[in-house]
Each structure stands twice: as C-alpha cells, then as structure tokens.
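Report on the structure
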Amino acid sequence: MLRTARTGLLALLVGAQEALAQATSPAPPVPESKPATAHPPPGEVDLNWLWLALALALVVVAIYVAMQRRRPPGRT
C-alpha cells in the first residue's frame, strides 16, 4: 500500500515538474512605471498544483498512520 502511495507521489512530482517546465516562459519586460520588485496581482498566480500536492501528501500521511495503527504490537 505504501509502495503505491510512494509511486503516486513520485508520479505527481514528475508531472508537476513537467507542467511547470511547460508553463514557465520568460518574464515580460518590466515597464518603467513599476519598480523591478513589483509582485504579480494575486489573480495571476496559479497555485492549484500546490494544493493538489498538499492534499496528496496528507492522504499519504493518513494512509501511513492507519497502517502503523494496524501493525501488530511488538514490531518496530
């Protein structure tokens, strides 16, 4: 069960890396009216992949805890 969860997490990370590699493009030139450290508006930042990764990590932790509770006593 944990091997499947690890494989799923690895697949998610590889997919996220590929998605980020495709989605990243050179930044447009900064207009003279804005300072060079201006942040993008909150609506332009897409963090859906981050929430998906966090949700998957929580599922993996929940599975791990459930498997530890089901393990017979005396095993380490």
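Quick note: structure is the one above.
Throughout what follows, the structure given in this document is the object of discussion. (Residues numbered from 1 in each chain as written. Predicted model: local features only at pLDDT ≥ 70, side-chain atom pairs only at ≥ 80, totals over all residues. Heavy atoms only, no water.)

This part is about the overall build of the chain. Summing up its helical and strand segments, the chain has two helices and zero strands in all. Of all 76 residues assigned to the chain, the portion counted as buried reaches 4%. Accessible surface for the chain amounts to roughly 7000 Å². Of this, 65% is attributable to carbon and sulfur atoms. (Helix = DSSP H or I, 4+ residues; strand = E, 2+ residues; numbered from the N terminus. Buried < 20%, exposed > 50% of the residue type's maximum accessible area, 1.4 Å probe, protein only. Areas by Shrake-Rupley, 256 points an atom, 1.4 Å probe, with all protein chains shown as cover.)

Another point: the environment of Leu2. Residue position: Leu2 is located in helix H1 (residues 2-23). Placed 58 residues apart in sequence, Leu2 and Val60 show a C-alpha to C-alpha distance of 7.8 Å. Discounting chain neighbours no more than four positions away, the residues touching Leu2 are Ile63 and Tyr64. (Contact = heavy atoms within 4.5 Å.)

Next up on the list: a nonpolar patch on the surface. On the surface, Leu47, Trp49, Leu50, Trp51 and Leu54 cluster together into a nonpolar patch covering about 500 Å² of accessible area. Looking at the secondary structure, you find Trp51 in helix H2 (residues 48-70). (Patch = residues over 30% accessible without salt bridge, like charges linked within 9 Å, V, L, I, M, F, W, Y side chains within 5 Å. Salt bridge = Lys/Arg side-chain N within 4 Å of Asp/Glu carboxyl O.)

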